[in-house]
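# Working through the structure, step by step
Now for the letters of each chain:
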Amino acid sequence: MATYTCAKCGMGVNATCAKCDSPLENDSLDLGNGNSVQVSKCPNGHGKIKSPMCCGEDMSCSL
Ligand SMILES: [Zn+2]
Ligand SMILES: [Zn+2]
């Protein structure tokens, strides 16, 4: 289970793909202007979502 945790308050979110129930993998998306955003993607290609945020920061993923 992929668990995203907030470094500030300890809030945790489990992230899995709704289609195949696989834990989402951390990835980053290059915005093309020098910035990138942290995203979570399905390892089986079902798509990606913006990583959950808490306390104004991207939550980090630990498997
Ligand atoms: Zn938080
Ligand atoms: Zn999937």
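Computed from a prediction, not measured in an experiment: that's the story for all the values here.

Analysis parameters
Residues numbered from 1 in each chain as written. Chains lettered and ligands numbered in written order. Predicted model: local features only at pLDDT ≥ 70, side-chain atom pairs only at ≥ 80, totals over all residues. Helix = DSSP H or I, 4+ residues; strand = E, 2+ residues; numbered from the N terminus. Buried ≥ 20, exposed ≤ 12 C-beta atoms within 10 Å, placed from the backbone. Pairing = 2+ DSSP bridges. Axes fitted to C-alpha atoms, helices over the stretch in contact; angles between N-to-C directions.

## Observations regarding unusual backbone geometry
One non-glycine residue with positive phi stands out, namely D21, at about 65°. Considering the arrangement of structural elements, one finds D21 in the loop between β2 (12-15) and β3 (25-30). The exposure class of D21 is exposed, given the 9 C-beta atoms found within 10 Å. The backbone of C55 sits at a positive phi, close to 55°, despite the residue not being glycine. Tracing the backbone through its elements, the reader meets C55 in the loop between β6 (53-54) and β7 (57-58).

## Side note on the sheet that holds strand β8 (residues 60-62)
Spatially, β2-β1-β8 is the arrangement adopted by the three strands of the open sheet, whose pairing is antiparallel. Taken across any chain shown, the strands that pair with only one partner, and hence form the sheet edges, are β2 and β8. Direction aside, neighbouring strands of the sheet carry axes that sit 35° apart on average. Judged from the three bridges that link them, strand β1 (residues 2-5) and β8 form a sheet pairing that is antiparallel. Bridging across to β8, Y4 finds its partner in C61.

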